[in-house]
Every structure is written in C-alpha cells, then in structure tokens.
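Residue strings, one per chain:
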Amino acid sequence: MQINQDSAAVISGGASGLGFATAARLAGAGARVAILDVNEDTGKEAAASIGGLFIPTDVTDPQSVAAALDTARAAHGVERICISCAGIAPAAKTVSRGAAHDPALFAKVVSVNLVGSFNLASQCAAAMIANTPQGPDGVRGVIVHTASVAAYDGQIGQAAYAASKGGVAGLILPMARDLADKAVRVMAIAPGVFRTPMVEAFPQEVQDAIGAQVPFPPRLGDPDEFAALAQHIVENDMLNGGVIRLDGAIRMPPR
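Remember, it's a predicted structure, so these values are computed and weren't measured experimentally. (Residues numbered from 1 in each chain as written. Predicted model: local features only at pLDDT ≥ 70, side-chain atom pairs only at ≥ 80, totals over all residues. Heavy atoms only, no water.)

**Student:** Lay out the state of the cysteines with the relevant residues and their values.
**Tutor:** In this structure the tally under the stated criterion is zero disulfides. This cysteine, Cys82, is not joined by any disulfide, and Cys124 carries the nearest cysteine sulfur, 3.7 Å off. Since its relative accessible area comes to 0%, Cys124 is described here as buried. (Disulfide = S-S within 2.5 Å. Buried < 20%, exposed > 50% of the residue type's maximum accessible area, 1.4 Å probe, protein only.)

Set out below in structure tokens:
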C-alpha cells in the first residue's frame, strides 16, 4: 500500500521510543499521523514536532480508544494504517521472597500490551473495511502490532511481559485470516533490545554490555530501524499474517 497525503495513520504509544520513531517516519513519508498515548506532555510535544495530532488515550479502555479514533478521523479521515506500540514492562518473578506474583500487576501488563493492542486493532479494522481499495491488490488497511523477542525468550522476571507479548504473537495469524476477505493486512514486529527511553536510562556501561550480547550487529537497535520495518510492512502487500523478529540474531539468556 502506498503511503501518501491520503494515508491516515494512528499510532498508539507514539509519544516516545519505537512509536515516536514510527510516527516520525510515516509523517515524513506524507501520512497524516495521530499519536495516541497516555502521556500528554510528551505526546503533545511529539505530535507538534512532526506536524501530527496528539490524542490522550488509554488503550485498555475501549471507550477511550473509540473516542480517540473519532477525533483522529474527524481531523484526518478514516485510518488506513494502525501501528500499536503502547506497552509496559515491569519486572517481577513468579515467586519473590516467598510471595506470589502480584495478580493485579500481571493483569495490568496483559491488559496494556495484549488487550490494548486488540482494542485498537479491532476498532481500526471495523472502520478500515469501508475504505476504498487501494493499489493493484485493493488493500483497505494495514495493522502492525508490536510483539517482542520476549514472546519466545522470556527472561527471569518477565513472566507477565513475555505472556503478554506471546499473546500478541499468537493473535497475528487468526486476525489476518479474519480480515483477509476484507483486504486488511495484519503483521507484527518482535524487536530485540532497542535504544528506547527505558534502556537509555541505564548507565552507559550497562547499555554497552546489553548491546554487546547481540551477535550482529553488536549494539542496541535504533528505533528508526523498527520504524523502517514498519513502513516496509505497510508498503509491501505480500506481508500478512506473520511476526518478524528484528533482533540482530539475539536469543535472550535467562537473565
């Protein structure tokens, strides 16, 4: 699907990190971008920097998502591109100091990372199916989720995070099959260790040590590399129903 001035895009978690890099790249390609995020201060600044629109959104709340999409559509038209990058990654062991993992924390991680991704994608899909078909394949929309290598190589303390991202990975094929006859494609990217605000908060020597674990190239991923893949997925109509690892061949150790 071609990206141009008629392409409306919504990006959850677009205020920073992988989401913002993707928002900036799509805006640079001509898309009209709406950033959906819970962080209002960062979100407004991010949207202003790319000439986009910021809409405060809680992806775990279907009504908040619906209201945000109504606002985005009023400004930009119905979305053709949906990128889901909103996520959290608190660390907690299944049992720590004799106490079981906080069930509320586990549920929150799954709610944001998995249920939130589904809330946004399903509501976008319902609107996308009415879009005018575009290009020789007649594509009406593209949905890109964010999984993680933790879906396959979850580390100690990542039970909730790995479960949530494993759920995202498992969602892709059935969602793509559900929407195939409606000409809406669904894909996911499973990033490895990237230079996001969370990682950049670590001391430089820690960042260097983490990057050195990557077989090649032995460094942290650049968010724009994630964004470049997201753009390629949007533009390559044959990409559908799959999860692409973007990780420099790393397989995460237990800790």
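**Student:** So, the environment of Val234: which residues are in play, and what are the values?
**Tutor:** Of note, Val234 is situated in helix H9 (residues 223–235). Judged by relative accessible area, which is 0%, Val234 ranks as buried. In the structure, Val234 is positioned 172 residues away from Pro62 in sequence and 25 Å away in space, judged by C-alpha atoms. Contacts of Val234, omitting those with residues within four sequence positions, involve Met1, Ile3, Ile81, Val142 and Arg185. (Helix = DSSP H or I, 4+ residues; strand = E, 2+ residues; numbered from the N terminus. Contact = heavy atoms within 4.5 Å.)

**Student:** Help me get a handle on the packing of helix H3 (residues 62–76) against helix H4 (residues 103–128), residues and values and all.
**Tutor:** With their axes 10 Å apart at the nearest point, H3 and H4 run at an angle of 45° to one another. Relative to H4, the element H3 is oriented oblique. The two elements H3 and H4 cross, and the hand of that crossing is right-handed. Facing H3, whose interface residues are Pro62, Val65, Ala66, Leu69 and Arg73, H4 presents Asn119, Leu120, Gln123, Cys124 and Ala127. Of the residues contributing to the contact of H3 with H4, the split by class is seven nonpolar, two polar and one charged. (Axes fitted to C-alpha atoms, helices over the stretch in contact; angles between N-to-C directions. Parallel < 35°, antiparallel > 145°, perpendicular 65-115°, else oblique. Left-handed = near helix turned anticlockwise from the far one by under 90°. Nonpolar A, V, L, I, M, F, W, Y, C, P; charged D, E, K, R; others polar.)

**Student:** Let's hear about the sheet that holds strand E4 (residues 81–84): which residues, and what values?
**Tutor:** The strands making up a sheet are joined through hydrogen bonds of the backbone, oriented either antiparallel or parallel. The strand order across the open sheet built from seven strands is E3-E2-E1-E4-E7-E8-E9, with neighbouring strands paired in parallel fashion. The sheet terminates laterally at strand E3 (53–56) and strand E9 (243–246), the two strands that pair on one side only. Here the strands of the sheet are splayed against their neighbours by 20° on average, with no regard to which way each runs. Note that strand E1 (residues 8–12) and E4 share four bridges and pair parallel. Across the sheet, the residue bridging to Ile11 is Ile83, located in E4. Each of E4, strand E7 (141–146), strand E8 (184–191) and E9 is contacted by H9, which is oriented at about 160° to E8, the strand it contacts most. (Pairing = 2+ DSSP bridges.)

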